[in-house]
Amino acid sequence: MAPCDYDVLVYGSCIVDFISYVPRLPKVGETLHGSRFATGNGGKGANQCVAAARLGSRTAIVGKLGDDPWGVAYRDALAAEGINVEQVDIVTGESTGIAQINVAANGDNQIVIVAGANKRLGPADVDARRTLFDRSRILVCQLETPVDGTIAALETFKGISIVNAAPADPNLPRSVLTLATIFCVNETEAALLTEMATVSDIEQAKTAVYKLQDMGCKTVIVTLGEKGAVFAQQGDPNVYHVKPVEVANVVDTTGAGDAFIGALAHFMAKHPDAKLANCIAAANRVAAWSVQKPGTQSSFPRYGDVDVPADLSTLQTQWQCV
């Protein structure tokens, strides 16, 4: 295998967040007074790349931004995080992708996305960057960009790939499930993909894991927020539960899943011999830290902020077979 220039390569979305802080999430047709408004950089692809970069991974991202002030500023911000942005194109005639986000006082959120330039990311962008794919250790993909490009990225990449199937699509092509080394979803996404009524506890998550593997997935992780995560690996009939990290004060859950994915990719890249369960336990600590801060990328910790042991094997008490 060729030497790796990058620990984590992200193929995915770049979206600017417009965030309204409200006392609770509005009902259909209801207008609420918010307490505060903020803008920030988001998009699952860029979020996950920033999360990995801040923890110390060498990162690069393949993405698209619009030829507007938001796009230029976003590209500069990613570069300032130490991310290689040479493969982030500014697309003439397209707007930068945006997300409208409401964040309630209890930390709940709702999000509407307008993809903009992200719609233009496709297989040709993979074909033009094969050397980059060959020289990266971990590939991370999501579903906020056209799926044909995601499939091309997964087919091209020869290392460990992580697909965060968000936003979930019940008509997701089977190849996305079968090509990914690790397929990661949250409770809502797991329920939608498996046609289960709910996935809200460990037993239901265990059922969802088996269903997803029956659908062709290899290793599956179902994140359960404050209940931790449930996963099963290809070739191992057992399902494991990784305990949650207790958080006394939840401020904003926006981006917590992206913090988890970026951290998981980071720990897998930096600790290639570590057990997956220990990497998940470490990523849980990063996600738990992020929900105690406002915003999306602004809530992601830097190296040293989170108490993660240098030897991840010491986290083996944080998970068990279920």
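It should be emphasised that the depicted structure is a prediction, and the values quoted were computed from it without experimental measurement.

## Re the overall build of the protein
Each helix and strand counted, the protein has 10 helices and 14 strands in total. With respect to the principal axes defined by its C-alpha atoms, the protein has extents near 50 × 50 × 40 Å. Split into buried and exposed, the 322 residues of the protein put 52% on the buried side. Here the contacts in the protein between residues at least 6 apart in sequence split such that 66% fall between residues at least 24 apart. Mean positive and mean negative side-chain charge positions of the protein (26 and 34 charges, respectively) differ by 2 Å.

## Brief notes about the packing of helix 7 (residues 187-194) against helix 8 (residues 202-214)
For the pair helix 7 and helix 8, the least separation of the axes is 10 Å and the interaxial angle reads 50 degrees. As far as their axial angle goes, helix 8 and helix 7 are oblique. By crossing handedness, the relation of helix 7 to helix 8 is classed as left-handed. Where helix 7 abuts helix 8, its residues Ala190, Leu193 and Thr194 lie against Ala208, Lys211 and Leu212. In terms of residue class, the contact of helix 7 with helix 8 is built from 4 nonpolar, 1 polar and 1 charged.

## Considering the nonpolar core
Membership of the largest hydrophobic core comes to 50 residues, with the highest contact counts inside it found for Ile61, Leu78, Ile221, Phe260, Leu264 and Ile280. Leave out the neighbours within four places in its chain, and Phe260 touches Cys184, Ile221, Thr223, Ile280, Ala283, Asn284 and Ala287. Listed in part, the 41 residues of the second largest apolar core include Val126, Ala191, Val199 and Val220.

## Re the pairing of strand 12 (residues 229-232)
Every second residue of strand 12 is oriented toward a common face, with Ala229 and Phe231 on one face and Val230 and Ala232 on the other, all of them buried. Two elements, strand 11 (residues 219-223) and strand 12, share 4 bridges in a ladder whose sense is antiparallel. Looking at the pairing, Thr223 lines up with Ala229 of strand 12. The antiparallel pairing of strand 11 with strand 12 creates a hairpin that spans 5 residues between the two strands, and Gly225 there sits at a positive phi of about 60 degrees. The sheet contact formed by strand 12 and strand 13 (residues 240-242) spans 3 bridges and is antiparallel. Counterpart to Val230 in the pairing with strand 13 is His241.

## Notes on the sheet that holds strand 7 (residues 109-114)
By way of backbone hydrogen bonds, the strands of a sheet pair with one another, either parallel or antiparallel. An order of 3-2-6-7 is seen for the 4 strands of this open sheet, with the pairing classed as mixed. Strand pairing shows two members of the sheet lacking a second neighbour, strand 3 (36-42) and strand 7, which therefore form its edges. Strand-to-strand, the axes of this sheet are offset by a mean angle of 20 degrees, without reference to chain direction. Bridge analysis of strand 6 (residues 97-104) against strand 7 gives 6 bridges, and the strand direction is antiparallel. Bridged to Ile101 within strand 7 is Ile111.

## A word on the packing of aromatic side chains
Evaluation of the coordinates by the stated rule reveals 4 aromatic pairs. Ring centres of Phe18 and Trp70 lie 5.3 Å apart, and the angle between their planes is 80 degrees; this geometry places the pair in the edge-to-face category. Of this pair, Phe18 sits in strand 2 (residues 15-22) while Trp70 sits in helix 2 (residues 69-80); the two residues are 52 residues apart in sequence, bridging distant segments of the chain. In this structure an aromatic cluster arises from ring pairing among Phe18, Phe37 and Trp70. Directly above the aromatic system of Tyr21 lies the positively charged group of Arg36, at a separation of 4.1 Å from the ring centroid.

## Concerning the packing of helix 1 (residues 44-55) against helix 9 (residues 256-270)
Orientation of helix 1 relative to helix 9, taken along the N-to-C sense of each, is 50 degrees, at an axis distance of 7 Å. When the axes of helix 1 and helix 9 are compared, the pair comes out oblique. The two elements helix 1 and helix 9 meet at a crossing, and its hand is right-handed. Counted together, Lys44, Asn47, Gln48, Ala51, Ala52 and Leu55 of helix 1 and Asp258, Ala259, Ile261, Gly262, Ala263 and His266 of helix 9 form the full contact between these two elements. Per-class residue counts for the contact of helix 1 with helix 9 are 6 nonpolar, 4 polar and 2 charged.

## Comments concerning helix 5 (residues 147-156)
Across the 10 residues of helix 5, 7 count as buried, placing the element largely inside the fold. Three or more residues of helix 5 are buried, namely Gly149, Thr150, Ile151, Ala152, Ala153, Leu154 and Thr156. In this fold, the buried residues of helix 5 make contact with strand 1 (6-11), helix 3 (123-127), helix 4 (130-134), strand 8 (136-141), strand 9 (160-164) and helix 6 (174-179).

## Digging into the pattern of salt bridges
Considering all chains together, one arrives at 14 salt bridges under this definition. Taking the shortest distance from any N to any O, the salt bridge between Arg58 and Asp7 comes out at 3.0 Å. Here Arg58 is found in the loop between helix 1 and strand 4 (59-66), whereas its partner Asp7 is found in strand 1, with 51 residues between them in sequence. Among the residues examined, Arg58 registers a relative accessible area of 36% and is labelled partly exposed. We classify Asp7 as buried; its relative accessible area is 3%. Residue Glu94 pairs with Arg120 through a salt bridge whose shortest N-O separation is 3.4 Å. Here Glu94, found in the loop between strand 5 (88-91) and strand 6, pairs with Arg120, found in the loop between strand 7 and helix 3; they are 26 residues apart in sequence, far enough to count as distant. We classify Glu94 as buried; its relative accessible area is 18%. Overlapping salt bridges, with partners in common, bring together Lys64, Asp89, Asp125 and Arg129 in one network.

How each quantity is defined
Residues numbered from 1 in each chain as written. Predicted model: local features only at pLDDT ≥ 70, side-chain atom pairs only at ≥ 80, totals over all residues. Heavy atoms only, no water. Helix = DSSP H or I, 4+ residues; strand = E, 2+ residues; numbered from the N terminus. Buried < 20%, exposed > 50% of the residue type's maximum accessible area, 1.4 Å probe, protein only. Contact = heavy atoms within 4.5 Å. Lys, Arg positive; Asp, Glu negative; His and termini not counted. Charge placed at Lys NZ, Arg CZ, Asp CG, Glu CD. Axes fitted to C-alpha atoms, helices over the stretch in contact; angles between N-to-C directions. Parallel < 35°, antiparallel > 145°, perpendicular 65-115°, else oblique. Left-handed = near helix turned anticlockwise from the far one by under 90°. Nonpolar A, V, L, I, M, F, W, Y, C, P; charged D, E, K, R; others polar. Core = buried A, V, L, I, M, F, W, Y, C linked by side-chain atoms within 4.5 Å. Pairing = 2+ DSSP bridges. Phe/Tyr/Trp six-rings, centres within 6.5 Å; stacked < 30°, edge-to-face > 60°. Lys NZ or Arg CZ within 6 Å of the ring centre and 35° of its normal. Salt bridge = Lys/Arg side-chain N within 4 Å of Asp/Glu carboxyl O.

Function cannot be read off these values alone, since they describe shape.
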